[in-house]
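# Coordinates in review
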Amino acid sequence: MDSAKKISISRRSVLKAGAVATFVLATGITPTMVKADTAQDTPKNPNQIGFMYDQNKCINCKMCAMACKETNNWEEGTEWRRVIVGGKDNKYYLSYSCNHCEDPACASVCPVLAYKKRDKDGIVIHNPDVCVGCKYCMYACPYHVPDFSTATGRINKCHFCYERQDNGEKPACVSKCPTGALSFGVLSELRKAAGATAQLEGMPSPDLTKPSWVLIPKA
Amino acid sequence: MHHWHWLIVIYLFLGGLGAGAYLTSFAAEKGWLGKNSRLKRAGYYIAAPVVAIGTALLVLDLGQGLYKPWLLFRLLFNLGSVMTWGVYILSLFIIIGLIKAFLVFKNKTAPSWLTWAGAVLALATGAYTGLLLAVVKAIPFWNSFLMPVLFVASALSTGLSVTALTAHFLEKEGSTDATEGKVHLALVIVEIVIVAIFFGMMAAGAKGPVGAESASLVISGKYAIVFWGYFIALGLLLPLVVFGLEYQRAKQPGRQVVTEPASLGTEITTTAEGSQQSYLVLVTDLAVLVGGFALRALVIFAALPIWDGKLL
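## Describing the overall build of chain B
A count of helices and strands for chain B gives ten helices and zero strands. Just so you have it, chain B exposes about 13,800 Å², and 71% of that area is on carbon and sulfur atoms.

## Considerations on unusual backbone geometry
Residues and elements named next belong to chain A. Residues other than glycine seldom take positive phi values, yet Asn73 does so here, at roughly 45 degrees. Structurally, Asn73 can be placed in the loop between α2 (63-72) and β2 (82-86). In the Ramachandran plot, Cys161 falls in the positive-phi region, its phi being about 45 degrees despite a non-glycine side chain. Locating Cys161 in the fold gives a position in the loop between β7 (154-156) and α5 (162-166).

## Thoughts on the nonpolar core
Tyr136 of chain A together with Trp4, Leu133, Trp142, Phe231 and Ile300 of chain B are the most contacted members of the largest nonpolar core, which totals 105 residues. If you tally residues by element for this core, the top one is helix α1 (residues 6-29) of chain B, at twelve residues. The contact partners of Ile300 of chain B, leaving out residues within four places of it in the chain, are His2, Trp4, Ile8, Val9, Leu12, Leu133 and Trp142 of chain B. In terms of nonpolar packing, the next biggest core, distinct from the first, is built from 34 residues, Phe51, Ala65, Phe160 and Val174 of chain A among them.

## Quick word on the side chain of Ser81 of chain B
Mapped onto the elements of the fold, Ser81 of chain B is located in the loop between α2 (42-61) and α3 (82-105). Leaving out residues up to four positions away in the same chain, Ser81 of chain B has contacts with Ser108, Val109, Cys110, Pro111 and Tyr136 of chain A.

## Structural notes on the pairing of β2 of chain A
All names here are of chain A. Extensive coverage of β2 is indicated by the burial of four of its five residues. As paired elements, β2 and strand β3 (residues 92-96) share five bridges and run antiparallel to each other. Across the sheet, Arg82 pairs through a bridge with Tyr96, a residue of β3. Hairpin connection between β2 and β3: a loop of five residues separates the two successive antiparallel strands, and Gly87 in this loop has a positive phi of roughly 75 degrees.

## Concerning the sheet that holds strand β8 (residues 182-186) of chain A
Residue and element names in this part refer to chain A. The strand order across the open sheet built from three strands is β8-β1-β9, with neighbouring strands paired in mixed fashion. Across the chains shown, the open sheet's two edge strands, defined by having one partner strand only, are β8 and β9 (213-216). The sheet shows a mean angle of 25 degrees between the axes of neighbouring strands, taken without regard to direction. Relative to β8, strand β1 (residues 49-54) is paired through five bridges, and the arrangement is antiparallel.

## Remarks on the packing of aromatic side chains
All names here are of chain B. Summed over the entire model, instances satisfying the criterion amount to 23 aromatic pairs over all chains. On the basis of an interplanar angle of 80 degrees and a centroid distance of 4.9 Å, the ring pair of Phe227 and Trp228 is categorised as edge-to-face. Relative accessible area serves as the criterion here: at 45%, Trp228 is assigned to the partly exposed category. Ring centres of Phe227 and Phe231 lie 5.9 Å apart, and the angle between their planes is 45 degrees; on these two criteria the pair is classed as tilted. Separated by four residues within a single helix, Phe227 and Phe231 lie in helix α8 (residues 224-251), roughly one turn from each other. As far as burial versus exposure is concerned, Phe227 and Phe231 are alike and both buried. Three or more aromatic residues joined by ring pairs form one cluster here, namely Phe141, Phe198, Phe199, Phe227, Trp228 and Phe231.

## With respect to the interface of chain A and chain B
Taken residue by residue, the interface counts 52 residues in chain A and 52 residues in chain B. Overall, the association of chain A and chain B removes approximately 4,300 Å² of surface from exposure, summing both partners, and the carbon and sulfur fraction of that is 66%. Inspection of the region where chain A meets chain B yields one salt bridge. Where chain A touches chain B, the interface holds 18 residue pairs in polar contact (both at pLDDT 80 or more). Only α1 (3-27), β2, β3, α3 (105-109) and α4 (136-140) of chain A provide two or more residues apiece to the side of chain A that touches chain B.

## Description of a nonpolar patch on the surface
All names here are of chain B. Together, Ile225, Tyr230, Leu234 and Val290 give the surface a local cluster of nonpolar side chains, amounting to about 360 Å² of exposed area. Locating Ile225 in the fold gives a position in helix α8. Residue class for Ile225 comes out exposed when judged on its relative accessible area of 68%.

## Overview of the packing of α2 of chain B against helix α5 (residues 146-170) of chain B
Residues and elements named next belong to chain B. At a minimum axis separation of 9 Å, α2 and α5 run at an interaxial angle of 120 degrees. Judged on the interaxial angle alone, α5 and α2 are oblique. Where α2 crosses over α5, the two elements pack in a sense that is right-handed. Taken together, the residues of α5 that come into contact with α2 (itself represented by Ala42, Gly43, Tyr45 and Ile46) are Val162, Thr163, Thr166, Ala167 and Leu170. Residue classes in the contact of α2 with α5 are distributed as six nonpolar, three polar and no charged.

## Details of the pattern of salt bridges
All names here are of chain A. Enumeration over the complete set of coordinates arrives at 15 salt bridges over all chains. Two residues, Lys192 and Glu189, come together in a salt bridge whose shortest N-O distance is 3.2 Å. Assessed through its relative accessible area of 63%, Lys192 is described here as exposed. Within this structure, Arg118, Lys120, Asp121 and Asp166 form a network of salt bridges that share partners.

## Some details on the environment of Ala101 of chain B
Residue and element names in this part refer to chain B. Among the secondary structure elements, Ala101 is positioned in helix α3. The class for Ala101 is buried, based on a relative accessible area of 11%. In this structure the C-alpha to C-alpha distance between Ala101 and Ala42, which are 59 residues apart in sequence, comes to 9.0 Å. Setting aside residues up to four positions removed in sequence, Ala101 forms contacts with Tyr44 and Tyr45.

Reading the values: the criteria
Residues numbered from 1 in each chain as written. Chains lettered and ligands numbered in written order. Predicted model: local features only at pLDDT ≥ 70, side-chain atom pairs only at ≥ 80, totals over all residues. Heavy atoms only, no water. Helix = DSSP H or I, 4+ residues; strand = E, 2+ residues; numbered from the N terminus. Areas by Shrake-Rupley, 256 points an atom, 1.4 Å probe, with all protein chains shown as cover. Core = buried A, V, L, I, M, F, W, Y, C linked by side-chain atoms within 4.5 Å. Buried < 20%, exposed > 50% of the residue type's maximum accessible area, 1.4 Å probe, protein only. Contact = heavy atoms within 4.5 Å. Pairing = 2+ DSSP bridges. Axes fitted to C-alpha atoms, helices over the stretch in contact; angles between N-to-C directions. Phe/Tyr/Trp six-rings, centres within 6.5 Å; stacked < 30°, edge-to-face > 60°. Buried area = accessible area lost by both parts, 1.4 Å probe. Salt bridge = Lys/Arg side-chain N within 4 Å of Asp/Glu carboxyl O. Polar contact = N/O pair within 3.5 Å; in protein donor to acceptor, adjacent residues only side chain to side chain. Patch = residues over 30% accessible without salt bridge, like charges linked within 9 Å, V, L, I, M, F, W, Y side chains within 5 Å. Parallel < 35°, antiparallel > 145°, perpendicular 65-115°, else oblique. Left-handed = near helix turned anticlockwise from the far one by under 90°. Nonpolar A, V, L, I, M, F, W, Y, C, P; charged D, E, K, R; others polar.

Put into structure tokens, the structure is as follows:
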């Protein structure tokens, strides 16, 4: 066995392989080039519904979150709807819950198929009875919507009050909003509102999951 | 905003470790690690149990793992979820790995397809632990194809180390060929290159400002000591130097004989040096394991979400 020859061949091939690998790695750092249609495009499902939130009308009373909590009996440690405060002089508010995305990242990563996107209206419903509590969806959702309850060991999130809606009622949060800041409807219609957008500054690009929400930022 | 903690860190580490251990013994069996390598069995013995322990920890981490374990069957349901792929890959790897280990233990020849299936599943296991994270777009630090590549490189390196350590205490026969050190040197160099590209590009903002923020947490922020001390110095540079010197030494046999007059004194020194050297290699193998574990911890704990939940 000519060991010197063996070594020189392996060294050369290692260098070669290294150069090729370096190139491949350098070009391969970006696996997801987001070149999707913009979130303002017509929804794939024409019956997709969504929330609309008008930042000009919100007074931070948190009636929406309280109504949601009462109606849906949030499991301990979960928040289905939140009202957050920020911006200049902390005078900007945002009430948000699940955006019932066109491409829900939660549903695509969930190993046990606990998430279902309804054909009827595009509501993304999570079934806690089959959730194993792996928390993968908590990383996947750019909006931090799925919450884990340590008390029950499973995820909870907003389901757009689908049972109320099936009975012809409004979602609890919308029904209790005193100023009309929070409303809901067919997404393609909501998007026609003046000043409508799907992204606030500093928030995730709507290209990630195509959220079914309409925001009217404070003018 | 960390939803996964130490159990997941250990799980990712053990997944790679077991996969690498199998591939080490597989390579030894194929003769890729030198003639009559002592690594032909040890890796097979530890591979499946190590991955099984990791999987058990994962189950403990699940909210329903002990509460409603029958729900775990559903983990096989979403063929579009990387986690589901992982459940298939790990389950099959554990089964094949146990059969292979049993046959090796009984000195029976395993069917070639079984050995190869194990190797493919081992590679898949190592890649899966990285891919699980790489597909999460909302975590820019994870969302890179380099993640599974880096995890596989680390899996091979830690697998080789754990197998060498186990073989040191387990095997009385077989030899340590210079090829073993050479292969490990190559693995360490490849890993250093991947690490440099990954952190360089991440820090340069290739995955946006949040990815850069994660990278700076690791490189110069609160995880800098773990990164530079445990991962870079212990896990990569020490092995680079030790395996590098071993390689130099192996390349120039008889150098001492040529340059120095043979005497009783030098012979004793050489022997003492030799045994020191083997302890140094053992310590280095331990350091590789520490580095591999540090890498998994860094990747999990430096994960920043694309949105910090605050209103600007």
